[in-house]
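Overview (structure and organization)
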Amino acid sequence: MAQRYLLSASAALLFGFTVPAAAQTKLPGDPHADDPSGIVADPCPTHAAPSDGAGWQMWNLHMLTRDFGQLCRYRSQNAALRREKVRVVFMGDSITDNWINNDRSFFTDGLVDRGISGQTTPQMLVRFRQDVIDLRPQAVHIMAGTNDIAGNTGAATMETVQGNIRSMAELARAHGIKVILASIPPAGAFPWAKDKQPAPQVAIMNHWLRGYAAENGFTFVDYHHAMAQADGAMKAGLSTDGIHPTPEGYAIMRPLALAAIRATLGAK
């Protein structure tokens, strides 16, 4: 109940409502209680990573109410990249976030990983300017939708999720950034959202992504077809949990991504 109460107070602060003094009481053990709020020069204080389940729960609550898009995650790295030539930014969730850890040599020669584990399309849209547009890449590779289907930040319609992807693609095009749209990889079940049966919704989204890419002259890269078995689940040996690719899974994705980049930017 205490965490629920903090969420209400934080949400009220976000939307400019007056919060009673009682609601602003700092919770015991909250490492984020003294973090800055409002318009400040440095919104990204440093904290040690949580060490237990309660700590991660508090961190997640803080993130959802104070840094919804997780703009602090890549803030310093983005600043260091401002004068570098960026060819392709990979925008995505944990599947993109983990890619660099499983195939570090892939993210060289102007390829930049900007995945954040657990993120949904509205969170990616919040950080799209900072993590993509401001880096001035030649192209952006957008792989999103898994966590929307899992319900990581609540409920949404299919049209809302598609609209978020359209907004990212349209922002990129408006800034002269070419667009690569990736299929959602196979998902037969979510270990963290066991009530969901994602395969049919993944299929609907991928059908839409292919059509939307074709209508707008974007490149479509189909990881799903290369990695899925007949029922829509990930092929054996290609993931750690049915969702997140193993090095063998990323080895299948790598040439498909490179082919999509060549189709989009031409041979280097």
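The following refers to the structure shown. (Residues numbered from 1 in each chain as written. Predicted model: local features only at pLDDT ≥ 70, side-chain atom pairs only at ≥ 80, totals over all residues. Heavy atoms only, no water.)

A few words on the pairing of strand 4 (residues 178-182). By the criterion of burial, strand 4 is predominantly enclosed, with 4 of the 5 residues buried. Pairing of strand 3 (residues 139-143) with strand 4 involves 4 bridges; the strand directions are parallel. Looking at strand 4, one finds that Ile142 is bridged to Leu181. Bridge count for strand 4 against strand 5 (residues 219-221) is 3 bridges, and the pairing is parallel. The partner of Ile180 across the bridge, within strand 5, is Thr219. Note that the unit made of strand 4, helix 9 (residues 199-216) and strand 5 has a crossover that is right-handed. (Buried < 20%, exposed > 50% of the residue type's maximum accessible area, 1.4 Å probe, protein only. Helix = DSSP H or I, 4+ residues; strand = E, 2+ residues; numbered from the N terminus. Pairing = 2+ DSSP bridges. Right-handed = clockwise from strand over helix to strand, strands pointing away.)

Before going further, it helps to examine unusual backbone geometry. A positive phi angle is found at Gln70, which is not glycine, with a value near 55 degrees. The phi dihedral of Arg136 falls on the positive side, at around 50 degrees, and the residue is not glycine. Assignment of secondary structure puts Arg136 in the loop between helix 6 (121-131) and strand 3. Overall, Arg136 belongs to the exposed group, its relative accessible area being 55%.

Tallied over the entire structure, the rule returns 1 disulfide. In this model Cys44 forms its disulfide with Cys72; the gap between the sulfur atoms is 2.1 Å. Every disulfide takes its handedness from the sign of the S-S torsion; for Cys44 and Cys72 that torsion is -85 degrees, giving left-handed. Placement of the pair is Cys44 in the loop between helix 1 (2-14) and helix 2 (53-66) and Cys72 in the loop between helix 2 and helix 3 (75-81), with a sequence separation of 28 residues. (Disulfide = S-S within 2.5 Å.)

By themselves, these are just geometric observations and shouldn't be taken as functional.
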